[in-house]
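Descriptive analysis of the structure
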Amino acid sequence: MKSRKFVDSVIIHVKAGYGGNGRVSFRREKYIPKGGPDGGDGGRGGHVILTCDRDTDSLIHLSFAPHQYAKNGEHGGSQRSHGRDGENLILKVPCGTEVWNIETDEIAADLVEHGDSVIIAHGGKGGLGNCHWKTSTHQTPIEHTDGEQTRALSFRLELKLVADIGLVGFPNAGKSSLLARISDAHPKIGAYPFTTLNPLIGTIVFDNYTQLRVADVPGIIKNAHKGSGLGHAFLRHIERSRCIIFVLDMAGVDMRCPWDDYVSLEKELNLYHDGITTKPSFIVANKMDLPESKDNMHEFVKQVGIEPIPVSAITGEGIELLLKRIRVFYTDR
Ligand SMILES: Nc1nc2c(ncn2[C@@H]2O[C@H](COP(=O)(O)OP(=O)(O)OP(=O)(O)O)[C@@H](O)[C@H]2O)c(=O)[nH]1
Ligand SMILES: [Mg+2]
């Protein structure tokens, strides 16, 4: 199956529609050869609107078409007819899209829930027709105003997935295997580092129908903040989650120590965003089905002073306990 590219940051250039011009016109009918002014107003230009859509999961459609223009308003007509407003241009974005104004480098909007909308470029106002200038002493006015013009604006859109839980760990620790075990997602799993290249969300459904969204992101390695591995920009998808699950390879299959991994992960998270590790977190010791994991677990507790939740994403051991702990955490708040 061909995989679709995941785009989580894009720059777009948008322009709202011009307002239509006001019209200069005079009533001309049979037996009324010199009627008064009847030029109508121009229509408003179309707005450019961003709207949050739960069925859109990436910004890729905008990366292919970064220039977007709304329609102009129609000019006013005779017989005081008002020009039609320009059609608004509605661009769908995924839930969790931040909109940054590039000129000011300020956040213009944060679209989180399905249906959230924001006008990022306002359509120009329509001009006034000459009928507005008629007075008792000014019967044939030719004054009118043109529609308001608009200019191109640039925005940076940044997608930050909205998940309840974020899985963080070294490559190969078993994050995707865990996601597949606890949620409805079917992530790619592989015995090589960086199998996961794009963030993915799975949903855990508890027997009382409570649902929690879990985000699996690519693995982080030491010095990810300096660009090692896949870097750390994808940690933006963890920023919004209410809780972090550190997934550790407790068997040390890749010849690393789980306690060093934990220290490195915390460090890399803090280097990405100071304070992100103050979020509530769980430490999950994965691969407990492998014999090396038992000794490592003892050493981990000695070194770090925290008892991780022991699981095996492969055999399913400990998964029930993990789900119970997650459920208690979320029902307590
Ligand atoms: N023995 C054992 N192997 C596991 C366990 N969990 C995952 N694995 C194996 O570890 C390898 C990596 O698993 P993934 O789930 O792809 O790991 P990941 O953390 O998502 O890795 P990246 O996507 O590369 O960051 C695969 O070969 C899995 O079969 C486990 O509990 N026990
Ligand atoms: Mg993975």
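Treat the numbers as computed from the prediction; the structure is a model and nothing was measured. (Residues numbered from 1 in each chain as written. Chains lettered and ligands numbered in written order. Predicted model: local features only at pLDDT ≥ 70, side-chain atom pairs only at ≥ 80, totals over all residues. Heavy atoms only, no water.)

Here we come to the domain arrangement of the protein. Interface size is often expressed as the accessible area that is lost when the parts come together. Per the domain assignment, the segments of the protein are domain 1 (1-159) and domain 2 (165-332). Between the C-alpha centres of domain 1 and domain 2 there is a distance of 46 Å. Every contact between the two is made by 10 residues of domain 1 and, on the other side, five residues of domain 2. When residues of domain 1 are sorted by the area they lose upon contact with domain 2, Phe6, Asp8 and Leu159 head the list and together hold 61% of the total. For the interface between domain 1 and domain 2, the tally reads two salt bridges. Put simply, Asp110 and Arg240 hold a salt bridge, and the shortest N to O gap is 2.8 Å. (Domains from an automatic or database assignment. Contact = heavy atoms within 4.5 Å. Buried area = accessible area lost by both parts, 1.4 Å probe. Salt bridge = Lys/Arg side-chain N within 4 Å of Asp/Glu carboxyl O.)

Before going further, it helps to examine the nonpolar core. Counting residues in hydrophobic clusters, the biggest one holds 27 residues, and the most contacted among them are Ile12, Leu50, Ile120 and Leu157. Taken together, the elements giving at least two residues each to this core come down to β1 (9-15), β2 (48-52), α1 (60-64), β4 (89-93), β6 (106-111), β7 (117-121) and β8 (153-159). Here this core gets four residues from one element, more than from any other, and that element is β8. Not counting residues up to four positions away in its chain, the partners in contact with Leu157 are Asp8, Ser9, Val10, Ile12, Leu50, Leu59, Leu62, Val93, Thr97, Glu98 and Val99. Counting 23 residues, the second largest nonpolar core, distinct from the first, contains Phe206, Val311, Leu322 and Tyr330. (Core = buried A, V, L, I, M, F, W, Y, C linked by side-chain atoms within 4.5 Å. Buried < 20%, exposed > 50% of the residue type's maximum accessible area, 1.4 Å probe, protein only. Helix = DSSP H or I, 4+ residues; strand = E, 2+ residues; numbered from the N terminus.)

Here strand β5 (residues 97-101) pairs with β6 via five bridges, running antiparallel. When the sheet's bridge partners are listed, Val99 is paired in β6 with Ala109. Here β5 folds back onto β6 in antiparallel fashion, the turn holding four residues, of which Asp105 has a positive phi close to 55°. (Pairing = 2+ DSSP bridges.)

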